[in-house]
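Survey of secondary and tertiary structure
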Amino acid sequence: MSLTYSVFSSEEWADAAASHISKALPASGSVVLTGGSAARRVYPLLAHLDADWSGLEVFFSDERCVPPDHPESNYRMASELLLDRAQPGAVHRMRGELDPGAAAAEYHDALVGPVGAGLDLLLLGMGGDCHIGALYPDAPSLAERSALCTA
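So, here is what we can say about the structure in this document. (Residues numbered from 1 in each chain as written. Predicted model: local features only at pLDDT ≥ 70, side-chain atom pairs only at ≥ 80, totals over all residues. Heavy atoms only, no water.)

Counting its regular elements, the chain contains 4 helices and 4 strands. When the helices and strands of the chain are read in sequence order from the N terminus, they spell out α-β-α-β-α-β-α-β. Over its C-alpha atoms the chain spans a radius of gyration of 15 Å, differing by no more than 12% from the 15 Å that the globule rule assigns to 151 residues. Once the C-alpha set of the chain is aligned to its principal axes, its extents read approximately 40 × 35 × 30 Å. Counting all 151 residues of the chain, 32% fall into the buried class. For the chain, restricting intrachain contacts to residue pairs at least 6 apart in sequence, the fraction spanning at least 24 positions comes to 73%. As presented, the chain carries roughly 8900 Å² of accessible surface, and 53% of it is formed by carbon and sulfur atoms. Side chains of the chain give 9 positive and 20 negative charges; the mean places of these two sets differ by 3 Å. (Helix = DSSP H or I, 4+ residues; strand = E, 2+ residues; numbered from the N terminus. Rg over C-alpha atoms; globule rule 2.2 N^0.38 Å. Buried < 20%, exposed > 50% of the residue type's maximum accessible area, 1.4 Å probe, protein only. Contact = heavy atoms within 4.5 Å. Areas by Shrake-Rupley, 256 points an atom, 1.4 Å probe, with all protein chains shown as cover. Lys, Arg positive; Asp, Glu negative; His and termini not counted. Charge placed at Lys NZ, Arg CZ, Asp CG, Glu CD.)

Dropping the structure here:
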C-alpha cells in the first residue's frame with residue numbers, strides 16, 4: 001500500500017485541493033469526507049469538477065450530535081455542497097440524532113467491511129485547536145485502539 005498526501009496553503013489552496021481530490025478519486029471504492037471550514041470551501045469547488053462518484057461509497061470522519069437536517073450537521077453540509085450534485089453510489093452517514101455511544105457502535109459496524117478492505121481516499125481538515133476528525137488533543141477517545149468509531 002502506498003500512502004500519498006498533499007498539504008495546501010495560501011490563497012489558492014481551496015482550488016488546488018479540489019483539483020487534487022478530483023484527480024485522486026478512484027473509479028470505485030471508499031471515500032471518507034470531513035466536515036468543518038475547509039470542507040465548506042472545497043466541496044462546492046469539487047462539485048463543479050467533472051468527477052464520477054457513481055462507483056464510490058462515501059463515509060464521514062466525524063459528525064456532530066445533531067439530526068441530519070440540522071445546520072451544524074456535517075452530513076447536511078456535504079449533501080448540500082457536494083453529494084447532491086456528485087451522486088455517489090452510496091452514502092453512509094453517522095446518525096448524530098442517536099445517543100452518541102449507540103451512534104458510534106452503529107457506525108463502527110457500517111465501517112467494518114468497507115474499511116477492512118482499505119480506504120481509497122480519506123479527506124481530513126484540521127481545526128484551529130488542532131483537532132482532526134473530531135479527535136481533540138488530550139481527549140479520552142485518543143486512547144481507543146480497537147473500535148473504528150468512538151463517541
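With that out of the way, let us pick up the environment of Asp129. Within the secondary structure, Asp129 sits in the segment after β4 (121-122). Not counting the four nearest positions on each side in its chain, Asp129 is found in contact with Tyr136 and Pro137.

Reported here for the largest pocket is a volume of approximately 1200 Å³. Ser61, Asp62, Met94, Gly133 and Ala134 are, among the 46 residues lining the largest pocket, the residues nearest its centre. Elements represented by at least two residues in the lining of the largest pocket include exactly α2 (36-47), β2 (56-60) and α4 (100-116). The element that contributes the greatest number of residues to the lining of the largest pocket is α4, accounting for 6 residues. Residue composition of the lining of the largest pocket, by class: 27 nonpolar, 14 polar and 5 charged. (1 Å grid on protein atoms, 1.4 Å probe; cavity = no way out; pocket = protein on both sides within 12 Å on 5 of 7 lines; lining within 4 Å. Points joined across faces, edges and corners; volume = space filled by probe spheres on them. Nonpolar A, V, L, I, M, F, W, Y, C, P; charged D, E, K, R; others polar.)

A cluster of nonpolar side chains, namely Leu119, Leu122, Leu124, Met126 and Ile132, defines an oily patch on the protein surface of about 440 Å² accessible area. With respect to the helices and strands, the residue Leu119 is situated in the loop between α4 and β4. Leu119 gets classed as partly exposed once you look at its relative accessible area, which sits at 36%. (Patch = residues over 30% accessible without salt bridge, like charges linked within 9 Å, V, L, I, M, F, W, Y side chains within 5 Å. Salt bridge = Lys/Arg side-chain N within 4 Å of Asp/Glu carboxyl O.)

For Gln87, which is not glycine, the phi torsion reads 50° and is therefore positive. The phi angle at Asp138 is positive, at roughly 65°, despite the residue not being glycine. You can see Asp138 is positioned in the segment after β4. We classify Asp138 as exposed; its relative accessible area is 78%.

Purely geometric numbers; function is a separate question.
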